Amino acid sequence: MIINHETLRTFAARLVAAGGSTPSEVAIVTDHLVEANLRGHDSHGVGMLVAYVRDFEAGTLHPNQKPEIVSDTGTISVWDARAGYGQVIARQAVEWAINTAREHGVAVNGLRNAHHIGRVGTYGEIAARAGMVSLHFVNVASGPPPVAPFRGKQGRFLTNPVCIAIPGTTANEPILLDFATSRVAMGKVRVAHNAGKPMLDGALLDHDGKPTTNPGVMYAEDRGVVLPFGEHKGSGLALICEILAGAIVGSASVSTNTPPERGIINGMLSIVIDPARLNNHDSMMAEIDSMIAWVKSAAPADPSLPVLIAGEPERIARADRIANGIEIDETTWTQLTDIAQRYQIAVPG
Ligand code: NAD
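This is a predicted model, so every value here is computed, not measured.

Conventions and cut-offs
Residues numbered from 1 in each chain as written. Predicted model: local features only at pLDDT ≥ 70, side-chain atom pairs only at ≥ 80, totals over all residues. Heavy atoms only, no water. Helix = DSSP H or I, 4+ residues; strand = E, 2+ residues; numbered from the N terminus. Buried < 20%, exposed > 50% of the residue type's maximum accessible area, 1.4 Å probe, protein only. Expected span 1.5 Å × (residues − 1). Contact = heavy atoms within 4.5 Å. Axes fitted to C-alpha atoms, helices over the stretch in contact; angles between N-to-C directions. Parallel < 35°, antiparallel > 145°, perpendicular 65-115°, else oblique. Nonpolar A, V, L, I, M, F, W, Y, C, P; charged D, E, K, R; others polar. Polar contact = N/O pair within 3.5 Å; in protein donor to acceptor, adjacent residues only side chain to side chain.

Chemist: Before we go on, may I ask you to explain unusual backbone geometry in this structure?
Modeler: The phi angle of most residues is negative, glycine excepted, and most peptide bonds adopt the trans form. Even without being glycine, Asn 64 reaches a positive phi, approximately 60°. Tracing the sequence through the fold places Asn 64 in the loop between α3 (49-58) and β2 (68-72). Judged by its relative accessible area of 30%, Asn 64 is partly exposed. Within the chain, Asn 113 stands out as a residue other than glycine whose phi angle is a positive 50°. If you trace the backbone, Asn 113 turns up in strand β4 (residues 106-115). You can call Asn 113 buried: its relative accessible area is 14%.

Chemist: Before we go on, may I ask you to explain helix α9 (residues 312-324) in this structure?
Modeler: Helical periodicity: at 3.6 residues per turn, an α-helix aligns residues three or four positions apart in one direction. Along its 13 residues, α9 runs 18 Å from first to last C-alpha, staying within 8% of the 18 Å computed at 1.5 Å per residue. For α9, the full list of buried residues reads Glu 312, Glu 314, Ala 317 and Arg 321. Taken together, the buried residues of α9 touch α2 (23-38), α8 (281-296) and β12 (326-327). Two residues or fewer past α9, Gly 325 is found with a positive phi of approximately 95°.

Chemist: Mind showing me how you'd approach the packing of α2 against α9 here?
Modeler: The description of two packed helices rests on the angle between their axes and on the distance between the axes. Close contact between α2 and α9 brings their axes to 8 Å; oriented N to C, the two are set at 100°. Comparing the axis directions of α2 and α9 gives the class roughly perpendicular. Residues Glu 35, Asn 37 and Leu 38 of α2 lie in contact with α9, whose contacting residues are Glu 314, Ala 317, Arg 318, Arg 321 and Ile 322. Split by residue class, the contact of α2 with α9 holds 3 nonpolar, 1 polar and 4 charged.

Chemist: Help me out: how do you make sense of the side chain of Ser 134 in this one?
Modeler: Relative to the elements of secondary structure, Ser 134 occurs in strand β5 (residues 133-141). Residue class for Ser 134 comes out buried when judged on its relative accessible area of 0%. Within the structure, Ser 134 has its side chain in polar contact with the side chain of His 136 (distance 2.7 Å). With residues near it in sequence (within four places) discarded, Ser 134 still touches Gly 124, Ala 127, Cys 163, Ile 164, Ala 165, Ile 271 and Val 272.

Next up, the structure:
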């Protein structure tokens, strides 16, 4: 199914609205999901609505939730999202951090218990657009953990993403590093499983700890595991995300609080820095441009695969998908249209 992004937006908005969200919540959540599809991250696109509908029907996702401000000492705040839409409350928390960093140079926000905040790069993009450097460490609590620690064959983490964003210059777009600490995001395993496609090598072990490319092992009764990226390094970063966004922020943690009936809960530690407090603006921008040019000047090992800067693949995907449409796999489309039928929502033809 190839669908135009505007048509998908209209359809997705009706599905979000079925949960009773206000028009502004519908707009933020829908925009976040469709923009994830446009950037090539189908794992965090409209396919997530299957889980969101499941969760608002089960009462584990609370539409139109207001965050509780647990503490605010001026430059450090802790918010509890009380299982409200992460896309809405994480955005508000990052906007608070941007405004605070503009005034004080730096701001730290601990966000507890948000329902799925989605593609973390969204928040890095918002901060970068405001001229801020930002770092985001996220943990996930949502049922049995699928990601094994280095050398393990049993899951101990979820996909605990990290995002670091650097503002753009007049010559270059922002640098946006945004990835799961697992070799692949779980949503990508779901997308491959739904599409009947194999996963890349080195991403999965079966129940016996043997390497496999079959995404089905994550849906079998004797479940396999997803590996961390970069062996001990990714495994270490996954642990740090869990501790920063779980233990230190005070959000639900994988070791103590993962009943699946809680839906998908994210904690996030965000650090937003006004770079103008650290260095002269013009020389900093010139150095960023020089560094990007230097990295991109490396001859590619394979001439058909140029060296890219983090954030570029998403911009390339976005231009392509705006022009040519977004491909939604058959299983995801059937799941979404089934929900639409239950809520008497028109399905695009
Ligand atoms: P990924 O493996 O596609 O990596 C994406 C990052 O790598 C981006 O910064 C991208 O620009 C960069 N990149 C990709 N190819 C590149 C290349 N050739 N050269 C240079 N840079 C390149 O992403 P992922 O790990 O599958 O994560 C996908 C999304 O899932 C992310 O947006 C992440 O925030 C999100 N996520 C969210 C949660 C959650 O609980 N909310 C959990 C896990 C992941």
